[in-house]
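This is what each chain is made of:
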Amino acid sequence: VGGMAGLFLARAPMRDGSRGPVVVLKRILPHLAEDPEFVRMFRDEAYLAATLRHPNIVRVFDIGKHGDDYFFTMEYAHGENLRALLRATQKRGESIPLGHIITIALGVTAALHHAHEQVDHEGRPLQIVHRDVSPTNVIVGYDGSLKIVDFGIAKAAAGTHVTQAGMLKGKASYMSPEQCRSGQVDRRSDVFSIGILLYEMTTLTRLFRGDNELAILHQVLSGTIEAPSVRRPGYPPDLERIVLKALAQDAEQRYQTAQDLQGDLMPVSYTHLTLPTTPYV
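All figures in this text were calculated on a predicted structure; none of them were measured in a lab.

A. Fine view of the sheet that holds strand E7 (residues 146–148). If you trace the 3 strands from one edge of the open sheet to the other, you get E5-E6-E7, paired in antiparallel fashion. Unpaired on one side and paired on the other, strand E5 (79–81) and E7 mark the two borders of the sheet. With direction set aside, neighbouring strand axes in the sheet form an average angle of 25°. As judged from the 3 bridges shared by E5 and strand E6 (residues 138–141), these two strands associate in the antiparallel manner. Note on E6: the bridge partner recorded for Glu 80 is Val 140. The sheet strands contacting helix H4 (residues 98–116) are E6 and E7, and the helix crosses E7 at an angle near 40°.

B. Representation of the packing of aromatic side chains. A full pass over the atoms with the stated rule returns 1 aromatic pair. Measuring from centroid to centroid gives 6.5 Å for Phe 192 and Phe 208, while their planes differ by 10°, and the two rings are stacked. Here Phe 208 lies in the loop between helix H7 (187–203) and helix H8 (213–222) and Phe 192 lies in helix H7, a separation of 16 residues in the sequence. The same class applies to Phe 192 as to Phe 208, namely buried. Sitting over the face of the ring of Tyr 255, Lys 245 holds its NZ or CZ atom 4.6 Å from the ring centroid.

C. Here's a closer look at a nonpolar patch on the surface. On the surface, Leu 9, Val 22 and Tyr 76 cluster together into a nonpolar patch covering about 260 Å² of accessible area. Given the relative accessible area of 34%, Tyr 76 is considered partly exposed.

D. Broad picture of the pairing of strand E4 (residues 69–75). Examined bridge by bridge, strand E2 (residues 19–28) and E4 share 5 bridges and lie antiparallel to one another. Bridge assignment links Val 24 to a residue of E4, and that residue is Met 74. Strand direction decides the pairing type here: strand E3 (residues 60–66) and E4, joined by 6 bridges, are antiparallel. Each bridged residue has a counterpart across the sheet, and for Gly 64 the counterpart in E4 is Phe 71. Between E3 and E4, which follow one another and run antiparallel, lie 2 residues, and Gly 67 among them has a positive phi close to 65°.

What counts as what
- Residues numbered from 1 in each chain as written.
- Predicted model: local features only at pLDDT ≥ 70, side-chain atom pairs only at ≥ 80, totals over all residues.
- Heavy atoms only, no water.
- Pairing = 2+ DSSP bridges.
- Helix = DSSP H or I, 4+ residues; strand = E, 2+ residues; numbered from the N terminus.
- Axes fitted to C-alpha atoms, helices over the stretch in contact; angles between N-to-C directions.
- Contact = heavy atoms within 4.5 Å.
- Phe/Tyr/Trp six-rings, centres within 6.5 Å; stacked < 30°, edge-to-face > 60°.
- Buried < 20%, exposed > 50% of the residue type's maximum accessible area, 1.4 Å probe, protein only.
- Lys NZ or Arg CZ within 6 Å of the ring centre and 35° of its normal.
- Patch = residues over 30% accessible without salt bridge, like charges linked within 9 Å, V, L, I, M, F, W, Y side chains within 5 Å.
- Areas by Shrake-Rupley, 256 points an atom, 1.4 Å probe, with all protein chains shown as cover.
- Salt bridge = Lys/Arg side-chain N within 4 Å of Asp/Glu carboxyl O.

Below you can see the structure in the form of structure tokens.
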């Protein structure tokens, strides 16, 4: 059970009565189902998410209502979320090989660029922005696959009063400055969040961390980003330039698309095999 929904592992029933494929059923929590504005926005955004077809995005199969419960079913990604992997790596006192980090980042950038580029049947941009590109929404499969989850639900929460009730609590650490200000966000907001993921995967430290959400918001809005090389001696300069550009306070100074960020990351995987094994700060 999370802040907005409960997750269930289920099997889709087959017409002949046999056991179907394993899927994930996500049921909206009862108190949110009572909010008609949240339900409307969630439904609209979930339908948009269901149109996304990309190997790095968990596919949404069905959206509906059963009794008083609103739900959707989606592809089951058999693996661990990035938060669990980061915690396990920290506990073992090890580092994630840079090749693995870049592979994860390339999958995330490819998925987000696909979503950002979606248009309607008349060719008008749908302006899809994930808004919650955080470690818990990045799944690394045991088969080596990479999946992003929860397109749509973050916008539904942000657009209604449930946000004020703490629905995004703990996610402020992965928001862009403009998102923290409740301003207009576009694809560059997701680019900022990718920069945070890269920072944390390569340094194994949280970029923004505080005793409460207000303290975290202040850090994000201050525009002060400690260079990764300060926390990790021997940090590759070319990768540091990429990370800091993605984390630019001014959206105009960031990568303008996830694809642009992806293009700069590609050569890094060929240049550096591992990060130096120095103690973590």
